Amino acid sequence: MAMDALTPTRTAADDIPASRRQQKRGDIRPRDLRAEGEPWTWVLGGALALGIVMILGLLVLVFWNGALTFWPRPIEVVTLADGSRIAGEPTRTQAFRPEPQVLEALPPERRAEIEANDGFAARTLYRTGNYDLYGDDFRWVPDFERRFVERPREMVLLERLEWGVFVGRILAFTRAGERTEVTNPRQAALLEAHAAARARWAQIRRIERGDIGVVNHHLEAERLRLRGVLLRDPPPEERARAEERFAREEARLKAEYEALAAEAQRLRAENARDTIILQEIGGREVTLPLSAVVRMVVANDMTLGQKAGVYLSRWWEFLSDEPREANTEGGIMPAIFGTFAMTLLMVIAVAPFGVVTALYLREYARQGRVIAFVRISVNNLAGVPSIVYGVFGLGFFAYIVGASIDQLFFPEKLPNPTFGTGGLLWASLTLALLTVPVVIVATEEALAAVPRSMREGSLACGASKWQTIRNIVLPRALPGIMTGLILAMARGAGEVAPLMLVGVVKLAPELPIDGFFPFIHLERSFMHLGFHIYDVGFQSRNSEAGKPMVFVTTLLLLLLIFLMNIGAIVIRNRLKRKFQGSQF
Amino acid sequence: MSASATAGPRRQNRITRRSVLVIDRIANWTITVGGLLVIFAVGAIMVFLASVVVPLFTGGRVESVRQYQVTGLPAEVAMATADEYRTIGLVIGRDGAVQGWHLQTGTPLEVPHFDLGGVRATAFARTINRSNLAFGFENGTVRFGAVTLPATTLSEEAVPAGARRLDERDATDGRAVYSRIPGNHIRRVEVQARLDPPQQIAPPGTAIIAMDYRRGGTAERPTLSFVTADANNVLRLSRAESRMNIMTRQMRTTVSSSELPPLPPGTEIKTLLLTEQADMVLVGTADGTVFRYDTRDFNAPRLAETTRVVPAGERLTGLYFLIGEQSLVAAGDRGTMSIYFRLGGGSGTADGLHLVRAHEMERQPSATAAVAASQRGKMFLTADVAGNVWLRHSTSNQVLLRLAKDGGATAYAGIALTPRDDGILAVTPEGRVTLWNVSVPHPETTLGTIFGRVWYEGYDGPRWTWQSSAGTDQFEPKLSLVPLIFGTVKATVYALLFAIPVALLAALYTSEFLHGSIRAVVKPAMEMMASLPSVVLGFIAALILAPLVEDVVPAVIFGLVLLPLSFIAAAHLWQLLPRPVLLRLAGLSKLALIFLCLFGALWLAGVLGKPFERIVFGGDIKAWLKGDIAGAVGFTAFLLFPASALVVALLGQRALGDLLDAMAGHGSRLRVAAAALLRWVFLTAAAVALAVGVAMVLTGAGFDPRGGVVGTYVQRNTLVVGFAMGFAVIPIIYTIAEDALNSVPEHLRSASLACGATAWQTATRIILPTAASGVFAAVMIGMGRAVGETMIVVMAAGNTPILEWNIFNGLRALSANIAVELPEAVRDGTLYRMLFLAALTLFVMTFIVNTLAEVIRLRFRRRAAAL
């Protein structure tokens, strides 16, 4: 912008007063740096930098915490100033201000240290586990109370089915009643016994969940059939027949159940004879059945490869297993499954309606003020809060439509509602309603981007309107439509507020898809990743225990949404390139 | 299809196949119907929400009226009552006679009566549920009794043969009524009465003229409290404890009495009232004065207060409690109807409490004869001597139903509101009975109670409150939308205060100053950020940020001002560099330097947080906010700093600008830049000084920001919510604003640059004004998103429905409230409909904001296309 000094020629500049002309060569004009607005430019840039740093910081925070959650940490045994010992995983450190009474009780050097530090001391949070013994899984240990810290090699972190983790050492194990002392936590015999116990446990679960589940399902179906017959107030012979059939089926199913239950009982008895005897750092002994131990991690004695193995196996458990311990441990497979099922149903519901409406608005409706108003309204609906849709979904879909469906088709189950309460179907429909404006807007823009010349060319060749749309317009609009659908999918997968009202639960007893007709049960409640984050973070017994789980779930949800967004961009670019050349 | 006759080998078939036409027509029809259906469905949402909300305001409705004659009514009616299923109606006379009949048809029934042994009853009292009664006699004795209407469910076969059918639901055997209920069951309702032996209270021969009676204790050990006034105007408070002797299976009652301080001579006692805890006795006299006795100490009661409850010149016709015994209804003979609360803060009374008139209700057309309170809520019936029966609600101060007796004006002998508030029973002395079956589903909501201040029981004044549930049964839900709307507005305001500057400034930088290749990365990245689920943001805000911010609040506050200042300082330093270096480093390196500067500023804010806290907040910000540490000069100066900086900058521009330019405007670029730096330092110092000066003046005049914009610190507060909502809103505003700024035609930019303007001048004077409406639309859409944000507010805002602008306090927004309360609201109850109203309010708010933005955006597009 600035120009170097000009060679002096007679110009209008000569009319400028002499004082201002007294400038040496090489001076740079203009003098007024304010015109360049450098300070303000830096403020603008700073705002952008702040925005980017915020978002990157969030992502890094989530990624860091989420990725590191499952990495096995060492177990430290801390001897405190009063001689007692605690054992646990160090989770995080924090600066804090000790209470005056605590400060009084300290030796003078420590107090001076804290004073020098403005009254702040450091403390570490240890995951001591053993909730059944201590009443708490975490414990803060201030630095001034620590005498020394060691990492004994035989300390073990045991993940169990109940009561969270156990931190301590393994004393012995029994197999079929025979006790064997344990010197090395990696003893082959112990590992073999553990594997056998877990296999038996898996078999028990298969029998109970699978086979007995089938029997129960049939029993319930028979009961409902009888109830349905009785509700219709039938003549006595029909009633007698129905009751006799029920009695017969019930007897048969009960016999099956007895057999299966006996088998399960036998396996249980076998399992009960395999136990593991543990000792926590304070000396107390705990006996657990070996099958209740999910994983044994010898925290202080692992090579990098072994740690990676534990890390990957924990990830696999997270993705494929069911939750335990009120959702703070175990896996989130039902939530992943529920999220996918709901998103899929939502897209199936929204795609035809969104595309059809956009087609109507753009191709078939007479363009005028009414349609312009409709278009504005549809745009606005994209901005309506999601909770309003949830309210509508609950009030209309669940309580009115669902209750009518219950009256008509499922009277024998009343007063327990089938469709008259939240479930997979209503949640998907609610979210479809939520995302329909997004799809309509995206499809309309895509349809508008198809040049008129192509349409006119097609019509000139003799095609009908529908043929034009189907063969010329829609394929060319496809990138935009796909983008719209994927964006709608990404938005729907992340919305939690409406789901809280229409069908998501903390713990779903069964998946919405199983082996019984009609295979997809649209009335069942389901679990959802986003709601899982809310639930584990805020409705757990101990939010400290839940935090790692929430981070990993957040990481998974973010990965999912980013994948969908990137997929949208890739598809858009690829299809754009495909049709780019053929425009005229 | 017939092929056309071909004349040559190359002739084409020009006739369209019918199938094509048919498919075309089907497609036409399907698409039209489908499109219209979806548009209609989307509009139906609002209609549905409105349809759920409307019943809140419909008041009361009479469903049917039954009138019949009942013979043999007692001469002096003491009480009328009915059972909760509206099957049996009863009238009890002062002489102990009980008359019962089938409520819907008037068929008389045989019911037990009270045998008073020939003694004349001079006083009568009952508990609010009309089951327990007491008679006071002319010989100074009292007798307690009970009349109950128990309902039992039986199977179909239990109906005795020969039962007479009354209507399609009920049958009777002359004594009990059998109603058919769904599920092939029968409900039997019958009347049971019990009378206890007499207790001597007043000296024998003195009649009891008024009494009140309450039951408490347990079923095995009932305690009765009652207060009596005898013919000598002596008031006695008595307690009767009954104990069952296990050996003899006899109830043994011990009665203890204590005398209340005497009334002034010549007082005509009209009503006596006692509370359930027996801690207060109210004596209403005929001339309108009320004497309130504090009887918390049973053995030493004292007169606490004397006050008038009806205007001078009017006489009191009755004093009644509403359920919960917090509201006192005072009725006068000119139709005055007032509600009094017993509140603290009374000066001049012996126990520090006083009766305050809370509601003045619409006047009854004539002198009020009787008042009947609801057993469930704050509704009550008032009947006057002209025969008007009005159904009122005390808290919402409205008259729900006005029922008049047809055929002449007579006072009613007894009125009652059925236990489920679904029927109104009125009995005339001649035995004419009128039953109105009414439906009043939502008596407590009016537009006034939802949006205005309401004086609830126990509060010392009208307030906006949202409190939908509490621990006791007698709790009255307080449903005002104002705290929730305020919460939404507060969250939006603070979120936008943070988000708008960051987003708009970043958008301006991206579209004007950022290199193209970086822009191609930054823009899609920000767009992806817009799809971040808000549940993630809420979780981070509540579980990570809130505890973090709590530890470093002063640093955060200081950083708000330090950040812009440090950028400006760095820019001034940057200008000192020689020009060739500047040109080489422009672009990516400058952006990198800006990042460095940001980190440096953040670090500096962290380091300077402690000294800042010491200077401004006296060393401990939490204590300072609570008010424990005095001295508001520092913080007021801090708040005024942006304004004073603006003032100083303007003055510096105009008044001093030319002077400073003349002094420093010559010489090399280095000199000019150094002079600019010095000038900036000087101006900033002047701004600080000005802010401190004005702050001292204001603080001297009594201004204190605490209690207004700042106050007591809560961990989950609006600062955290604003920051988290910034995450959600910034990408949206940024994307749309950036689009708007970018769509300004290139030739405008080129022309400006060609005229010699710098990039900065172009950006501020050409681009920004042209794109102004697009930018404004971006802000509106961001605002719409902030208003509707649910998860962040649920998780990070503390969920306290308070009306304070304090940024360190929590809030409860409409959206969060719906999400938290709707799953547990009873379908079609008042709370359910109120939550739908909240959703409707939210819908309307965002609809208006978005429509405005859309209209402005369209206008901008048209205008930009014209350029």
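Remember, predicted model here, so these are calculated numbers, not experimental data.

A. How the structure looks around the overall build of chain A. Assigned secondary structure in chain A consists of 17 helices and 13 strands. The C-alpha radius of gyration computed for chain A amounts to 34 Å, which surpasses the reference 25 Å derived for 584 residues by more than 25%, pointing to a less compact arrangement than a globule. Counting only C-alpha atoms, chain A reaches 115 × 90 × 45 Å along its principal axes. Out of the 584 residues belonging to chain A, those deemed buried represent 48%. Within chain A, contacts between residues at least 6 apart in sequence are counted, and of these 69% link residues at least 24 apart. Only carbon and sulfur atoms are counted for the fraction: they give 59% of the accessible area of chain A, which is about 28,600 Å². Treating the 69 positive side-chain charges of chain A as one cloud and the 64 negative ones as another, the clouds have centres 9 Å apart.

B. Representation of the overall build of chain B within the structure. When its secondary structure is counted, chain B shows 19 helices and 36 strands. Relative to a compact globule of 867 residues, whose C-alpha radius of gyration would be 29 Å, chain B shows 39 Å and is clearly more extended. Here the C-alpha coordinates of chain B stretch approximately 120 × 105 × 55 Å along the principal axes. A total of 867 residues make up chain B; the buried ones form 52% of that total. Once local pairs closer than 6 in sequence are excluded, the contacts in chain B between residues at least 24 apart make up 61%. The positive charge centre, built from 77 side chains, and the negative charge centre, built from 64, are 11 Å apart in chain B.

C. Structural view of the confidence of the model for chain B. With 96% of its residues at a pLDDT of 70 or more, chain B has an overall mean of 86. Here the predicted complex scores 0.86 on pTM and 0.84 on ipTM.

D. Spotlight on the packing of helix α6 (residues 553-575) of chain B against helix α12 (residues 669-700) of chain B. Residues and elements named next belong to chain B. Between α6 and α12, the least distance of the axes is 8 Å, while the angle of their chain directions is 160 degrees. Classed by the angle they form, the pair α6 and α12 counts as roughly antiparallel. With respect to the hand of their crossing, α6 and α12 are arranged in left-handed fashion. Where α6 abuts α12, its residues Leu 565, Ile 568, Ala 569, His 572, Leu 573 and Gln 575 lie against Arg 669, Ala 673, Ala 676, Leu 677, Trp 680 and Thr 684. Of the residues contributing to the contact of α6 with α12, the split by class is eight nonpolar, three polar and one charged.

E. Quick look at the interface of chain B and chain A. The interface of chain B with chain A comprises 104 residues on the first partner and 84 residues on the second. Taken together, the connections running from chain B to chain A amount to one salt bridge. For the salt bridge of Lys 590 of chain B with Glu 38 of chain A, the shortest nitrogen-to-oxygen distance reads 2.7 Å. When residues of the side of chain B that touches chain A are assigned to their parent elements, the largest contribution, 18 residues, is made by helix α1 (residues 18-53) of chain B.

F. Quick peek at the sheet that holds strand β33 (residues 423-427) of chain B. Residues and elements named next belong to chain B. As summarised here, the arrangement of the four strands in space is β1-β34-β33-β32, forming an open sheet in which the pairing is antiparallel. Looking at the sheet topology across the chains shown, the edges are occupied by β1 (61-69) and β32 (414-417). Across the sheet, the mean angle from the axis of one strand to that of its neighbour is 10 degrees, orientation sign disregarded. Two strands pair when backbone bridges link them, and β1 and strand β34 (residues 432-439) are joined in this way by eight bridges, in the antiparallel orientation. For Val 62, the partnering residue across the bridge sits in β34 and is Val 438.

G. Molecular detail of the pairing of strand β10 (residues 285-289) of chain A. Residue and element names in this part refer to chain A. Because side chains alternate across β10, one face comprises the buried residues Val 286 and Leu 288, and the other comprises Glu 285, Thr 287 and Pro 289, none of which is buried. Here strand β9 (residues 275-279) runs beside β10; their pairing, made up of five bridges, is antiparallel. Looking across to β10, one finds that Leu 278 is bridged to Val 286.

H. How the structure looks around the nonpolar core. Counting residues in hydrophobic clusters, the biggest one holds 236 residues, and the most contacted among them are Leu 481, Val 535, Ile 557, Phe 808, Ile 818, Leu 822 and Phe 836 of chain B. Not counting chain neighbours up to four residues away, the residues in contact with Ile 818 of chain B comprise Ile 387, Val 391 and Leu 501 of chain A together with Pro 823, Leu 835, Ala 838 and Ala 839 of chain B. Counting residues in each nonpolar core, the second largest holds 19 residues, with Met 79, Leu 90, Leu 109 and Val 147 of chain B among its members.

I. Representation of the packing of helix α2 (residues 38-68) of chain A against α6 of chain B within the structure. One way to put it is that α2 of chain A packs onto α6 of chain B with a least axis distance of 8 Å and a crossing angle of 130 degrees. Taken together, the axis directions place α2 of chain A and α6 of chain B in an arrangement best described as oblique. Like other packed secondary-structure pairs, α2 of chain A and α6 of chain B cross with a definite hand, here right-handed. In contact with Glu 38, Pro 39, Trp 40, Trp 42, Val 43, Gly 46 and Leu 50 of chain A of α2 of chain A, α6 of chain B contributes Leu 563, Pro 564, Phe 567, Ile 568, Ala 570, Ala 571, His 572, Trp 574 and Gln 575 of chain B.

J. Main features of the environment of Pro 108 of chain B. Here Pro 108 of chain B is to be found in strand β5 (residues 108-109). Put simply, Pro 108 of chain B and Thr 71 of chain B are 37 residues apart on the chain and 8.3 Å apart in space, counted from C-alpha to C-alpha.

K. Here's a closer look at unusual backbone geometry. Here the amide bond leading from Leu 414 of chain A into Pro 415 of chain A is cis, since omega sits at 5 degrees, within 30 degrees of zero. Examined against the element boundaries, Pro 415 of chain A turns out to sit in the loop between α11 (386-409) and α12 (424-449). Here the phi dihedral of Ala 278 of chain B falls at roughly 60 degrees; this positive angle occurs in a residue that is not glycine. By the secondary structure assignment, Ala 278 of chain B is in the loop between β20 (269-274) and β21 (280-285). You will see that Glu 325 of chain B, though not glycine, has its phi angle at about 60 degrees, which is positive. When you line up the elements, Glu 325 of chain B lands in the loop between β24 (316-321) and β25 (327-332).

L. How the structure looks around the packing of aromatic side chains. Following the criterion strictly, the structure yields 41 aromatic pairs over all chains and no others. On the basis of an interplanar angle of 70 degrees and a centroid distance of 5.3 Å, the ring pair of Phe 396 of chain A and Phe 48 of chain B is categorised as edge-to-face. Taken as a pair, Phe 396 of chain A in helix α11 and Phe 48 of chain B in helix α1 lie in two separate chains rather than in one. Consider the rings of Phe 144 of chain B and Phe 226 of chain B, whose centres lie 4.9 Å apart with planes at 65 degrees: the pair is edge-to-face. Residue Phe 144 of chain B is found in strand β8 (residues 141-148), and its partner Phe 226 of chain B is found in strand β17 (residues 222-230); the two are separated by 82 residues along the sequence. Both residues of the pair, Phe 144 of chain B and Phe 226 of chain B, belong to the buried class. Here a set of aromatic residues connected by ring pairs shows up, and it is made of Phe 392, Phe 396, Phe 397, Tyr 399, Phe 410, Phe 419 and Trp 426 of chain A together with Phe 48, Tyr 832 and Phe 836 of chain B. Over the face of the ring belonging to Phe 96 of chain A we find Arg 123 of chain A, whose NZ or CZ atom lies 4.5 Å from the ring centre.

M. Structural view of a nonpolar patch on the surface. Residue and element names in this part refer to chain B. A grouping of Val 647, Leu 651, Leu 690, Val 694, Leu 698 and Phe 703 is seen on the molecular surface, where their side chains present a nonpolar patch of about 460 Å² in accessible area. Put simply, the parts of the chain that give the nonpolar patch at least two residues each are α10 (633-654) and α12. No other element matches α12, which puts three residues into the nonpolar patch. As for its placement among the helices and strands, Leu 651 is situated in helix α10.

N. Helix α4 (residues 516-529) of chain B, seen in detail. In this model α4 of chain B runs 20 Å from its N-terminal to its C-terminal C-alpha over 14 residues, within 8% of the 20 Å that 1.5 Å per residue would give. Those residues of α4 of chain B lying buried are Ile 518, Val 522, Lys 523, Met 526, Met 528 and Met 529 of chain B.

O. Structural view of the side chain of Lys 478 of chain B. All names here are of chain B. Inspection of the secondary structure assignment puts Lys 478 in strand β36 (residues 478-479). Within the buried core, Lys 478 has no salt-bridge partner, and the shortest N-O distance to an opposite charge, that of Glu 476, equals 5.3 Å. Here the side chain of Lys 478 touches Glu 476 through a polar contact of 3.1 Å, landing on its backbone oxygen. In this structure, Lys 478 is in contact with Tyr 456, Tyr 459, Thr 465, Trp 466, Gln 467 and Ser 468, ignoring residues within four places of it in sequence.

What counts, and where the lines are drawn
Residues numbered from 1 in each chain as written. Chains lettered and ligands numbered in written order. Predicted model: local features only at pLDDT ≥ 70, side-chain atom pairs only at ≥ 80, totals over all residues. Heavy atoms only, no water. Helix = DSSP H or I, 4+ residues; strand = E, 2+ residues; numbered from the N terminus. Rg over C-alpha atoms; globule rule 2.2 N^0.38 Å. Buried < 20%, exposed > 50% of the residue type's maximum accessible area, 1.4 Å probe, protein only. Contact = heavy atoms within 4.5 Å. Areas by Shrake-Rupley, 256 points an atom, 1.4 Å probe, with all protein chains shown as cover. Lys, Arg positive; Asp, Glu negative; His and termini not counted. Charge placed at Lys NZ, Arg CZ, Asp CG, Glu CD. pLDDT = per-residue confidence, 0-100. Axes fitted to C-alpha atoms, helices over the stretch in contact; angles between N-to-C directions. Parallel < 35°, antiparallel > 145°, perpendicular 65-115°, else oblique. Left-handed = near helix turned anticlockwise from the far one by under 90°. Nonpolar A, V, L, I, M, F, W, Y, C, P; charged D, E, K, R; others polar. Salt bridge = Lys/Arg side-chain N within 4 Å of Asp/Glu carboxyl O. Pairing = 2+ DSSP bridges. Core = buried A, V, L, I, M, F, W, Y, C linked by side-chain atoms within 4.5 Å. Phe/Tyr/Trp six-rings, centres within 6.5 Å; stacked < 30°, edge-to-face > 60°. Lys NZ or Arg CZ within 6 Å of the ring centre and 35° of its normal. Patch = residues over 30% accessible without salt bridge, like charges linked within 9 Å, V, L, I, M, F, W, Y side chains within 5 Å. Expected span 1.5 Å × (residues − 1). Polar contact = N/O pair within 3.5 Å; in protein donor to acceptor, adjacent residues only side chain to side chain.

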